[in-house]
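Take a look at the letters that make up each chain.
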Amino acid sequence: MSTEAGTDGPNERLFARAQRLIPGGVNSPVRAFRAVGGTPRFIRRAQGAYLWDAAGQRYIDYIGSWGPMILGHGHPAVLDAVQRAARDGLSFGAPTEAEIELAEAIAALVPGVEQVRLVSSGTEAGMSALRLARGVTGRSKILKFEGCYHGHADALLVKAGSGLATFGVSTSAGVPAEVVQHTLVLEYNNVAQLDEAFALHGAQLACAIIEPIAGNMNFVRASLPFMRRLRELCTQHGALLILDEVMTGFRVALGGAQSLYAAQIPGFRPDISVFGKVIGGGMPLAAFGASRDIMSRLAPLGPVYQAGTLSGNPVATACGLATLREISLPGFFDALAARTRALVEGLAAAGRDAGVPLVGDSEGGMFGFFFARSFAEGLPQHYGAVMATDQPRFNRFFHAMLDRGVYFAPALYEAGFVSAAHTADDVAATLQAAAAALRA
Ligand SMILES: *Cc1c(COP(=O)(O)O)cnc(C)c1O
């Protein structure tokens, strides 16, 4: 049980102190636990599959820094690479051989990516991919899907307008209407809306950007017919297809989600791919890549400007390279996927035993679960359906698990992650805690 039944434990004291100096006490909103209530845990250290908070409580970590920690925390080969790189210099602002090696590694794993540019965050990568698509096509309008998150660039902080002919409405103050007037937002997995939107706007669209498996509305796969149609329509209308694989890249499979779609849709390939999270292995690093033709439009070769003081940072690059090396070992993803599947299937079984309709899905080391309204309901297929699942029940479950030492994402619209450090015993302990939590 939690060592912090009281209201004045070490986490509470740190949260009070943080709130005086940092807006909401956190440097990224979801960390503040606003969706689930309660006090965020201040993490003191991590090792393998575990986190320890300021009160000394241990948690099995199913967030993994929101995806990057696919090897678990403190993997010796990664730490060694980081320490060696740091000793050689923290940053040069000049090219290094390690950047070439990371670009080679990405290009070798992702067909269609012939050139890569490294940046420092997924936000930067998504924003730059968008500018590149607009620069290449000479068009302004962009298409995105409700529930997908592509970082917090102005033009992408948009929710659906009131109809297909209308463009988006910003979800954030500080974004002028003029900046989002070119952003069209459609329902995820809705083929009819796709057809209608391309018929209306196809000739003006620079690109469509999508999370192939959406992890920012828990876990929702793009259906095969939807992805196939999206690819066809982009090609027909001369719009670029951007796959945002910041979460899914090197996480759901070695070749990312695009390798799973390519296996089932002949000739499937995005025009631009966006990566982050796992490719930095826990350090600030992200990337976008495409064919040599598209990437040659970037500065210094072409007219699309893009730059970064810390881009390709040597320590981050060493960390990413070491991580990619480990996940490329034979059998890595089979083992990770089996463990993740065991977790999700176990949770669903615990739900059935307790009479609670819990549905889940996973791919590679990424998973999601939902509290449905009835046992007849399947997995949600779009944002509206995700938000219609049982939020109060999710929040109670989240806290019941946290009290039992299991750290799931603190919001029902976030995906979960399993690492190679999670053992069968960790999963068994999680399922035991879940059975008790669901009974209570
Ligand atoms: C996390 C995420 C981003 C943003 O990456 P940051 O490094 O947080 O800026 C973009 N797209 C997707 C799909 C993500 O999951």
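Please read all numbers here as calculations on a predicted model, not as lab measurements. (Residues numbered from 1 in each chain as written. Predicted model: local features only at pLDDT ≥ 70, side-chain atom pairs only at ≥ 80, totals over all residues. Heavy atoms only, no water.)

Notes on the overall build of the protein
Stated precisely, the cut-off is as follows: Only runs of H or I of at least four residues qualify as helices and only runs of E of at least two qualify as strands under DSSP, and these elements are numbered from the N terminus. With C-alpha atoms as the basis for the radius of gyration, the globule rule is written as 2.2 Å multiplied by the number of residues raised to the power 0.38. In this analysis, two residues are considered to be in contact whenever any of their non-hydrogen atoms come within 4.5 Å of each other.
In terms of regular secondary structure, the protein is built from 14 helices and 18 strands. Relative to the 2.2 N^0.38 estimate, which gives 22 Å for 440 residues, the radius of gyration of the protein is 21 Å and therefore close to what a compact globule would have. When the backbone C-alpha atoms are referred to their principal axes, the protein occupies close to 60 × 55 × 45 Å. When contacts within the protein are restricted to residue pairs at least 6 apart in sequence, those whose partners lie at least 24 apart make up 73%.

A look at the confidence of the model for the protein
Going by this rule: The quantity called pLDDT is the predictor's confidence in a given residue, expressed from 0 to 100.
In the predicted model, the protein carries a mean pLDDT of 96, and 98% of its residues have values of at least 70. When the criterion is pLDDT under 50, residues 1-5 qualifies, and its contacts beyond four places in sequence or with other chains add up to 13 contacts.

Section: helix α2 (residues 76-88)
Stated formally: Each residue after the first adds 1.5 Å to the expected span of a helix. Remark: exposure states derive from per-residue accessible area (1.4 Å probe, protein chains only) relative to the maximum for the residue type, with buried under 20%, exposed over 50%, and partly exposed in between. Along the arc lie the directions from the helix axis toward the C-beta atoms.
The end-to-end C-alpha distance of α2 is 19 Å, a good match for the 18 Å that 13 residues give at a rise of 1.5 Å each. Of the residues making up α2, those classed as buried are V78, A81, V82 and A85. Seen along its axis, α2 keeps its buried residues to an arc of 95°; they face one direction. The exposed residues of α2 that point more than 90 degrees off its buried face are P76 and R87. Turning to α2, the residues buried within the fold contact α10 (314-327). Downstream of α2 by a residue or two, G89 has a phi angle that is positive, lying close to 135°.

Regarding unusual backbone geometry
Each neighbour pair has its own omega, and for A299 with P300 the value is 10°, a cis peptide bond. Mapped onto the secondary structure, P300 falls in the loop between α9 (292-295) and α10. The phi dihedral of F250 is positive, around 60°, even though this residue is not glycine. As for its placement among the helices and strands, F250 is situated in the loop between β12 (240-245) and α8 (256-262). In the Ramachandran plot, K277 falls in the positive-phi region, its phi being about 45° despite a non-glycine side chain. Note that K277 resides in the loop between β13 (272-275) and β14 (286-290). K277 gets classed as partly exposed once you look at its relative accessible area, which sits at 26%.

Thoughts on the packing of aromatic side chains
Here is the rule: For Phe, Tyr and Trp, rings pair up if their centres lie within 6.5 Å, where Trp contributes its six-membered ring, and each pair is then called stacked (planes under 30 degrees apart), edge-to-face (over 60) or tilted (otherwise).
A full pass over the atoms with the stated rule returns 20 aromatic pairs. Pairing F397 with F408 gives two aromatic rings, centres 6.1 Å apart and planes at 20°, and the pair type is stacked. Residue F397 is located in helix α13 (residues 391-403), and its partner F408 is located in the loop between β17 (406-407) and β18 (416-417); the two are separated by 11 residues in the primary sequence. With a relative accessible area of 3%, F408 lands in the buried category. Members of the aromatic cluster, each reached through a chain of ring pairs, are Y62, F367, F369, F371, F394, F397 and F408.

Focus: the site of the ligand
Inclusion rule: What makes a residue near a molecule or strand is one non-hydrogen atom of that residue sitting within 4 Å of it. Counted as a polar contact is a pair of N or O atoms within 3.5 Å, where, for protein atoms, one must be capable of donating a hydrogen and the other of accepting one, and residues adjacent in sequence contribute only when both atoms are in side chains. Surface exposure here means Shrake-Rupley accessible area, sampled with a 1.4 Å probe, where a residue is shielded only by the protein chains that are shown. For this classification, the nonpolar set comprises Ala, Val, Leu, Ile, Met, Phe, Trp, Tyr, Cys and Pro, the charged set comprises Asp, Glu, Lys and Arg, and every other residue, Gly included, is treated as polar.
In the neighbourhood of the ligand, the contacting residues comprise S121, G122, T123, Y149, H150, G151, E211, N216, D244, V246, M247 and K277. One of the side-chain N or O atoms of T123 is found 2.7 Å from an oxygen atom in the ligand. Protein chains bury 82% of the 380 Å² of accessible surface belonging to the ligand in isolation. Of the residues contributing to the shell around the ligand, the split by class is 3 nonpolar, 6 polar and 3 charged.

Topic: the sheet that holds β12
What counts, and what does not: Here a strand pair is declared whenever DSSP counts at least two bridges between the two strands. Where helices are involved, their axes are fitted lines through C-alpha atoms of the stretch in contact, as for all axes, and angles between N-to-C directions lie from 0 to 180°.
Spatial ordering of the open sheet is given by β4-β14-β13-β12-β9-β5-β8, a layout of 7 strands whose pairing is mixed. Unpaired on one side and paired on the other, β4 (115-119) and β8 (183-186) mark the two borders of the sheet. Put simply, the sheet's adjacent strands are angled 20° from each other on average, direction ignored. The pairing of β13 with β14 spans 4 bridges and is classified as antiparallel. If you follow F275 over to β14, its bridge partner there is A287.

Examining the nonpolar core
Convention followed: Throughout, nonpolar core names a set of buried Ala, Val, Leu, Ile, Met, Phe, Trp, Tyr and Cys residues whose side chains join them through atoms within 4.5 Å.
In this structure, I106, F145, L230, F397 and F408 are the most contacted members of the largest nonpolar core, which totals 106 residues. In this structure, F408 is in contact with Y62, I63, L347, F367, F369, F397, F398, M401 and T430, ignoring residues within four places of it in sequence. Counting residues in hydrophobic clusters, the runner-up holds 24 residues, among them A129, A153, I272 and A290.

Overview of the pattern of salt bridges
Quick note on the threshold: We define a salt bridge as a side-chain nitrogen of Lys or Arg found within 4 Å of a carboxyl oxygen belonging to Asp or Glu.
All told, the structure shown has 9 salt bridges when counted by the stated rule. A salt bridge links R229 to E232; the shortest N-O distance between them is 2.8 Å. Of this pair, R229 and E232 both sit in helix α7 (residues 224-237), 3 residues apart, roughly one helical turn. A residue is classified by how much of its surface remains accessible, and R229, at 23% relative accessible area, is partly exposed. Beyond isolated ion pairs, a larger network of salt bridges with shared partners links D195, R229 and E232.

Regarding the side chain of R231
Within the secondary structure, R231 is located in helix α7. Among the residues examined, R231 registers a relative accessible area of 13% and is labelled buried. Looking at R231, its side chain comes within polar contact range of the main-chain oxygen of R269, at 2.7 Å.

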